[in-house]
Amino acid sequence: MLYVNNNLKKLIPFIFILSFSLFNYKCIAQENEEKAFSPHHQIGISINHVHVFEGRDDEGNKEVLSLPAWGLDYTFQFQEKWSIGLHTDFIIEKFKVEKNLESGDEKETVERSYPIAPAVMGIYKPNEHWSFLLGLGGEFAKEEDYFLTRAGVEYGYELPKDWEIFGTVSYDFKWNAYDSWGIGLGIAKNFGGK
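Residues numbered from 1 in each chain as written. Predicted model: local features only at pLDDT ≥ 70, side-chain atom pairs only at ≥ 80, totals over all residues. Heavy atoms only, no water.

A.B. asks: Explain the side chain of threonine 88 here, please?
C.D. replies: Within the fold, threonine 88 resides in strand 3 (residues 82-91). The residues touching threonine 88, leaving out its near neighbours within four places in the chain, are Trp70, Gly71, Leu72, Asp73, Ile116, Ala117 and Pro118. (Helix = DSSP H or I, 4+ residues; strand = E, 2+ residues; numbered from the N terminus. Contact = heavy atoms within 4.5 Å.)

In structure tokens:
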């Protein structure tokens, strides 16, 4: 009887390790199972800086501008890797810029008053963090409106309860006017089906 009890005592650590390993394996397997995709909406807000290399000061001298801006984004993810959205930038400052993309010898300097720049964006998301964006839109201000093409890259990190923080870099090419690029940090909320 003593012999059986000693063998059982030797097996107890092995049984404990085996049980723990099986439980841990089941938890890891559940984490690694892919979630079934369902379409969902996302609304995000970001604080940005828009940079214009062809800016002008009050005397007309060239200066690089760093303009404060807000971003308001709506996105609908209709497939696991594809989304469409309306992404809008609000520059909250007046500034002057040379229309360096305008054809002709003499470049015109124009004033922009708090321009709003919405763009319809196609978004490709190759994995859970990175998104690549390309779209068309316009920049609207009281002085003049410009057609634009926007390209961008975003990196997002999911938080609990369908929240996400993200960093964004974008480039706006305003046809026959000027170009700018922006960098920002934001937060977004997912709704429906995720």
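A.B. asks: What is the right way to look at the nonpolar core in this model?
C.D. replies: Note on soluble globular proteins: their nonpolar side chains tend to be buried together. Listed in full, the 12 residues of the largest apolar core are Val50, Val52, Leu65, Leu67, Ala69, Ile91, Phe95, Val97, Val110, Tyr146, Ala177 and Tyr178. Secondary structure elements with two or more residues in this core: strand 1 (40-56), strand 2 (62-77) and strand 4 (94-98). (Core = buried A, V, L, I, M, F, W, Y, C linked by side-chain atoms within 4.5 Å. Buried < 20%, exposed > 50% of the residue type's maximum accessible area, 1.4 Å probe, protein only.)

A.B. asks: Just to check I follow, could you spell out the environment of asparagine 190 for this structure?
C.D. replies: Position of asparagine 190 among the secondary structure elements: in strand 10 (residues 179-191). Asparagine 190 sits in the buried class, given a relative accessible area of 5%. Through-space distance from the C-alpha of asparagine 190 to that of glutamine 77 is 9.8 Å; in sequence the pair is 113 residues apart. Looking at asparagine 190, its side chain comes within polar contact range of the side chain of glutamine 42, at 3.0 Å. (Polar contact = N/O pair within 3.5 Å; in protein donor to acceptor, adjacent residues only side chain to side chain.)

A.B. asks: Honestly, unusual backbone geometry in this entry has me stumped. Any pointers?
C.D. replies: The phi torsion of most residues other than glycine is negative, and most of the peptide bonds are trans. Despite not being glycine, tyrosine 114 has its phi angle at roughly 45°, a positive value. For tyrosine 114, a relative accessible area of 46% translates into the label partly exposed.

A.B. asks: Explain the environment of serine 83 to me, please; I cannot follow it from the model alone.
C.D. replies: Mapped onto the elements, serine 83 comes out in strand 3. Judged by its relative accessible area of 6%, serine 83 falls in the buried class. Filtering out sequence-adjacent residues up to four positions away, serine 83 remains in contact with Thr75, Phe76, Gln77, Phe78, Met121, Gly122 and Ile123.

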